[in-house]
Structures are given as structure tokens and as C-alpha cells.
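Now for the letters of each chain:
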Amino acid sequence: MEYPGNLFVVAAPSGAGKSSLVKALLELDAKLAVSISHTSRAPRGQEQHGREYWFISPEEFRSKVERGEFFEWAEVHGNLYGTSRASIEERMKQGEDVVLEIDFQGALQIKQLFPYAVLVFILPPSWDELRQRLTRRGDTAEEVIERRMANARIEVAQAHRFDFVVVNAVFETALFDLKAIVHAQRLKYASQRRSKSTVFKALDLP
Ligand SMILES: Nc1nc2c(ncn2[C@@H]2O[C@H](COP(=O)(O)OP(=O)(O)O)[C@@H](O)[C@H]2O)c(=O)[nH]1
Ligand SMILES: Nc1ncnc2c1ncn2[C@@H]1O[C@H](COP(=O)(O)OP(=O)(O)O)[C@@H](O)[C@H]1O
């Protein structure tokens, strides 16, 4: 499948800082939009239906899977998550850029479907720091933290299948790396079209 916009996929073990980094990236870059996923997990804290996720029941999720409404879906930490076609197709058809913040299984499914998608894996600087971030966030029970730490080892073992790996030690440095990846991809894509105006647009020099 091919659409005219760029597609960026960001994955990371839980607590590595993916949501904070993508949020900061979106604030800096008005041309990027994040896709809102569907999930069968219950909302946490201040989360709102249609803002962080579309929260639906496991039964609704399964019937959407059967109707072929997802580009990809996966079970993560015991809950179901998926990227619906409706959430990104329209935007991509318009040639706009989309970021998917999903787990590594979903990222690899997206790469099969959209070989031009740019896959970025966010790494924590150490296992200890990952545990501390999960604990500091304060919304995750101790036994859940243990499960996430165990999953993190499985997830990090897949990092070599990604196009880029960004280490989130110092937040601003990791954000800078992400910005560089987005910029480079835009430029590469624009130059493939061999038009000066698209190259200038990608460089923010319209
Ligand atoms: N495959 C897939 N994974 C998703 C999707 N949406 C979120 N995830 C992943 O599901 C995992 C759990 O997310 P969440 O429940 O928000 O918890 P968090 O890891 O603490 O932020 C994270 O790795 C997300 O990236 C999706 O649409 N598809
Ligand atoms: N570079 C960093 N240094 C220290 N803490 C960070 C850094 N990046 C993110 N955090 C913090 O770590 C916790 C997990 O980040 P979050 O973005 O929720 O992770 P994820 O979406 O990957 O689960 C949050 O409390 C966040 O503020």
C-alpha cells in the first residue's frame, strides 16, 4: 500500500519515554499528527475517550478485527491495541505525515504493509533507569512493573529490526535525534519526487 505522506512508527518498552517524546515532537512540528489507537484496556487517571485512546470492550475490539478495520493490532501486557484504518487513512491520502505510537509487534506489521514507513525504537539508558521511570510515573502497581520489565527484555531484543534506535538518556538530546530523523525522511522523500518546491517545503524554506 502506498500513500503520499510520510509514516513514522515509534516503539519502546513501557516507561522508556515514548509518549513524552512523541508529545514534545508534536508540539514542535505542526505538520505531524499522531494516530489515536483503539484499546480494550480501561482508562487510567486523566485519560479521555478519543484523546489518548478510543476505549472499547474486548468484544467490540474483536468484532472490529473480524470486520478488517485495523491496519495492525496486537495484544500487549494482556490488553488489545490496534490502529484503525479510519484513524490514519484519510490523513495519509492527503499527503500528510502521521506518527504511530505502538508496540514492536504492531510496528513490524506496519512495515510489511507500508515498506516506506520509518521505524524508530526508543531505548532507556539502562534497565535500572527504566524501572525508576516506571516507578516514578506512579500509575503502575509493583507486580505490573515486574511484568513490564520482563516484557522490556523481549521488546529490546527486537530493536535491530528497526530503522533507527534512539537512546532516551537526556530528554532534549533524544528529542533532537527524533527531529533529525523526521527531517531527513521528509527531505529524502521530497527529493525522490525531484521537485525543487517539495524539497524547499521539506526544509521549511517554502
Ligand atoms: N500494536 C499496537 N500497540 C499499541 C497501540 N497503541 C498503543 N500500543 C502499545 O501498547 C503498549 C501499552 O500502552 P499503554 O497501555 O498506553 O501503556 P504504557 O506503555 O504505560 O504507555 C505500548 O507499547 C503502546 O505503544 C496500537 O494501536 N497497536
Ligand atoms: N529522558 C528522560 N529522563 C528522565 N525521565 C524521563 C525521560 N523521558 C521520560 N521520562 C519520564 O519517564 C516516565 C515514563 O515516560 P512515558 O513517556 O510515560 O513512557 P512510555 O510512553 O514509553 O511508557 C515519565 O514519568 C516521564 O516523565
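Residues numbered from 1 in each chain as written. Chains lettered and ligands numbered in written order. Predicted model: local features only at pLDDT ≥ 70, side-chain atom pairs only at ≥ 80, totals over all residues. Heavy atoms only, no water.

Caption draft 1: Geometry of the side chain of asparagine 6. Checked against the element boundaries, asparagine 6 lands in the segment before strand S1 (7-11). Assessed through its relative accessible area of 4%, asparagine 6 is described here as buried. When neighbours within four sequence positions are excluded, asparagine 6 is seen to be in contact with Glu96, Asp97, Val98, Gln185, Arg186 and Tyr189. (Helix = DSSP H or I, 4+ residues; strand = E, 2+ residues; numbered from the N terminus. Buried < 20%, exposed > 50% of the residue type's maximum accessible area, 1.4 Å probe, protein only. Contact = heavy atoms within 4.5 Å.)

Caption draft 2: Molecular detail of unusual backbone geometry. The backbone phi angle of histidine 77 is positive, close to 45°, even though this residue is not glycine. With respect to the helices and strands, the residue histidine 77 is situated in the loop between strand S5 (70-76) and strand S6 (79-84). Take histidine 77: its relative accessible area is 17%, and that puts it in the buried class.

Caption draft 3: Fine view of the pairing of S1. Most of S1 is tucked away: 5 of the 5 residues are buried. Burial of the side chains of S1 extends over both faces: Leu7, Val9 and Ala11 are buried on one face and Phe8 and Val10 on the other. Bridge analysis of S1 against strand S7 (residues 97-101) gives 4 bridges, and the strand direction is parallel. By the bridge assignment, phenylalanine 8 is partnered in S7 with valine 99. The pairing of S1 with strand S8 (residues 118-123) spans 4 bridges and is classified as parallel. Residue phenylalanine 8 lies in a different strand from S8, and its bridge partner there is valine 118. (Pairing = 2+ DSSP bridges.)

Caption draft 4: Representation of the site of ligand 2 in the model. If you check the shell around ligand 2, you find 15 residues, and the closest are Gly15, Lys18, Ser19, Ser20 and Asn168. A distance of 3.4 Å separates an oxygen atom of ligand 2 from a polar atom in the backbone of alanine 16. Arginine 137 has a polar side-chain atom sitting 2.9 Å from an oxygen atom of ligand 2. For ligand 2, the accessible surface in isolation is 570 Å², of which the surrounding protein chains cover 76%. Going through the elements one at a time, helix H1 (18-28) and helix H5 (127-137) are the ones with two or more residues in the shell around ligand 2. Looking at the shell around ligand 2, its residues break down into 5 nonpolar, 6 polar and 4 charged. (Near = heavy atom within 4 Å. Polar contact = N/O pair within 3.5 Å; in protein donor to acceptor, adjacent residues only side chain to side chain. Areas by Shrake-Rupley, 256 points an atom, 1.4 Å probe, with all protein chains shown as cover. Nonpolar A, V, L, I, M, F, W, Y, C, P; charged D, E, K, R; others polar.)

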